[in-house]
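Breakdown of the fold
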2 protein chains.
Amino acid sequence: MSHIKLFIPGPVEVSEKTMRAFSRPMIGHRSKDFQALYADIHPKLQQIFYTKQPVFVSTSSAWGVMEGSIRNLVSKKVLTCMSGAFSDKWFDVAKKCGKSAEALQVDWGQPILPEAIEAKLATGEFDAVTLIHNETSTGTMNPLVDIAKVMRKFPDVQFIVDCVSSFTAMKIPFDELGIDLMLAGTQKALALPSGAALFTVSEKAFAKAATLKDRGYYFDFLEFKKNQESSMTPTTPSISHFYALQSKLEDMLTEGLDARYARHMENAKVTRAWVKDRGFAFFPKEGYESVTLTCVANNRGIDVAKLNSALKAKHSCVIDGGYGKIKGTSFRISHMGDESTENIRQLLGWIDGCLAEA
Amino acid sequence: MSHIKLFIPGPVEVSEKTMRAFSRPMIGHRSKDFQALYADIHPKLQQIFYTKQPVFVSTSSAWGVMEGSIRNLVSKKVLTCMSGAFSDKWFDVAKKCGKSAEALQVDWGQPILPEAIEAKLATGEFDAVTLIHNETSTGTMNPLVDIAKVMRKFPDVQFIVDCVSSFTAMKIPFDELGIDLMLAGTQKALALPSGAALFTVSEKAFAKAATLKDRGYYFDFLEFKKNQESSMTPTTPSISHFYALQSKLEDMLTEGLDARYARHMENAKVTRAWVKDRGFAFFPKEGYESVTLTCVANNRGIDVAKLNSALKAKHSCVIDGGYGKIKGTSFRISHMGDESTENIRQLLGWIDGCLAEA
């Protein structure tokens, strides 16, 4: 099968270096070799999460940890901030865990605003809030820093933040923002293969988890904590993901985190300029566009499926044709991960070419 | 880092062919390419499970599905058959899910007998039984066929069977045995990298799951079923594991399942003969030795750690020094996965050499 390069918002292209690390021989997960591996990457994980707390690797996709956050941190009622396919679903997942949940729903493409959260929390009904920082389905980025300021007024409420598709594309300082649970996917800006998720947990969240009796085992935050103390995992981990992560952390720290964030911002700027210049509109409300992907409102009515076929045939790459109910009326260009701005310019040129020939 | 070949009971050595498949470029998990991949392997998965039911790949280790079986299938009370580290823990996991559980405990190394299960179930208190077919910590294999016969007398009880370390080393016909939930790990006899689990579910179990309201999302059997119908997964899968599985299924069907089972049995026989000949004893009760690993009682009082150091230094391989409370007083030789009987003979020769020089 030919290699089609993915400019979709996850999974994204994985480098050959990462794949070499990913396919290293197995080691025993209860061996000193595994402990050395986890111990080697742990301080670097703390560095990219900007935290002194332990950082965990869950052998699951992000949804596992998202469900875990509900089971570990919600006893009273969770406020689910909903603005796209993934954040909307978190409400259903909370219900499926037998928990009480209330929706803070805005239209897809609109941001979640701090004042809306504040008004809800002021009722005193909630002990947790879920927020997706960067809603991948709509390319909308919520104002995390301003929301974090509001959250400080409610110290009894757990602040659960999904940074699945924004993590390491911009600085998100966990400790400083006072987040209680923050999680990320591997197949997004980290540019690792799919199949694992990273997360970290505040002391406040650990204390809350200890009061919940049906939090289960596989995603039990206290089990992760206990095991991490000896550089272990509660259950058999995906060892390959640990190796890939080790390689990627090396890349990231070589590039430098600030340079990495600047590169992602430059990729976004170049793509946004192209959108405006070509007479397209943005799907998200102005000022809330994602830094990792650009969700384009298909106001020109182009045939996105045809465009993608042409990109695949001529340039061995694809973009994304829109998610769920906005498929076709929007499309998404991912510019996260290892992509240089030059790569993004080349991609945009290819899109121009394919559209001109259509 | 040098390549140390693992003769531990999981993870085991992964072939270069499997690793090449495992490290293929990512594809979109909502793409036709992914659907084609899952659709290609699904009939072969049904073949190795001997079932007409859908077969699922969970992006988690086996414990995720083990927890899922409790959340999906237990409302009244679960009888947990306990005879080693993993089966003992299943009792705790059931409790951590907020379920009522009762232990059917035997000493480590002793088998779970059908009549013991029958006596418990006759009380009418239970709606599920958990059984680990091959308890990896003790190398003991429970009499699954005879237990399945007993289970037929209790059609309202869900029969949950963990075949994590026996799957594909011997024939375990899911439909014929009347099992309701059967799961396997990837890093055992399948000789794939760790990080995923396979499972299949009976119609009776799907019907039971539909009555439970707090089964969650990540391990919800009905979500897996709905998605499998269009060759998809509920959440982002570990795409690499699907590729590795495709490659391995090819290998297995080329070798032939019966030949594969015969090879595993021959590996076990050769190892057992060596144990007896060298004056060692078996940890499991006679007649219940595992076909995938041999757990040796260290009656000769050898220094297992020293043996393993010598094997590592001279032959770039390791065996296992015993699990948990029987570490050192037992040791385990794994002979599952891709290993030929010639490889096992060579390993046993190396052990002889290292012991002679000790």
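Sequence order as written defines the numbering, with residues in each chain counted from 1. The naming scheme follows written order: chains are lettered A onward, ligands numbered 1 onward. Under the rules for a predicted model, residues below a pLDDT of 70 receive no local features and side-chain atom pairs below 80 are neither given nor counted, while totals for whole chains, interfaces and linings still include all residues.

As a further point, take the overall build of chain A. Numbered from the N terminus, helices here are DSSP runs of H or I no shorter than four residues, and strands are runs of E no shorter than two. For chain A, the count of helices and strands is 13 helices and 14 strands. Based on C-alpha atoms, the radius of gyration is set beside the globule rule, defined as 2.2 Å times the residue count to the power 0.38. For chain A, the C-alpha radius of gyration of 20 Å lies close to 21 Å, the compact-globule estimate for 358 residues. Along the three orthogonal principal directions, the C-alpha set of chain A runs to about 60 × 50 × 35 Å. Counting other C-beta atoms within 10 Å of its own, a residue is labelled buried from 20 upward, exposed at 12 or fewer, and partly exposed in the gap between, with every C-beta atom placed from the backbone. Here chain A holds 358 residues, and 55% of them are scored as buried. The contacts in chain A between residues at least 6 apart in sequence include a share of 70% that link residues at least 24 apart. Working definition of a contact: two residues with C-beta atoms, positioned from the backbone, lying within 7 Å.

Turning our eyes to something else, we now look at the sheet that holds strand β4 (residues 101–105) of chain B. All names here are of chain B. Reading across the sheet, the seven strands line up as β2-β10-β9-β8-β5-β3-β4 and stay open at both edges, with mixed pairing between neighbours. The two strands at the open ends of the sheet, each matched to only one other strand, are β2 (55–58) and β4. Sheet twist, expressed as the average angle between the axes of neighbouring strands with direction ignored, equals 20 degrees. Sitting on the sheet, helix α3 (residues 62–73) touches β2, β3 (78–82), β5 (128–132), β8 (158–162), β9 (181–185) and β10 (197–201), and the angle it makes with β9 is about 165 degrees. Strands are treated as partners if at least two bridges between them are detected by DSSP. Axis definition: a line fit to C-alpha positions, over the contact stretch in the case of helices; interaxial angles, taken between N-to-C directions, run 0 to 180 degrees.

Quick look at the confidence of the model for chain A now. With 100% of its residues at a pLDDT of at least 70, chain A reaches an overall mean of 97. For this predicted complex, the interface confidence comes out at an ipTM of 0.98, alongside a pTM of 0.98. One number per residue, pLDDT, summarises how confident the predictor is, and it ranges from 0 to 100.

Our focus in this paragraph is the pairing of β4(B). The side chains of a regular strand alternate, residue by residue, between the two faces of the sheet. When β3(B) meets β4(B), the two strands line up parallel, connected through five bridges. Its bridge partner being in β4(B), B:V78 is matched across the sheet by B:A101.

The next thing to look at is helix α2 (residues 32–49) of chain B. Residues and elements named next belong to chain B. For a helix, the expected span equals 1.5 Å multiplied by the residue count minus one. Relative to the 26 Å expected for 18 residues at 1.5 Å per residue, α2 spans 25 Å between its end C-alpha atoms, a close match to the ideal helical length. The bend at a residue is defined as the angle formed between two axes, one fitted to the seven residues ending at that residue and one fitted to the seven starting there. The sharpest bend along α2 reaches about 30 degrees and sits at H42, with the proline P43 one to four residues further on. Buried residues of α2: L37, Y38, I41, I48 and F49, and no others. Buried residues along α2 sit against β2, α7 (174–177), β9, β10, α10 (239–255) and α11 (257–277). In the segment just after α2, Y50 is the residue with positive phi, at about 55 degrees.

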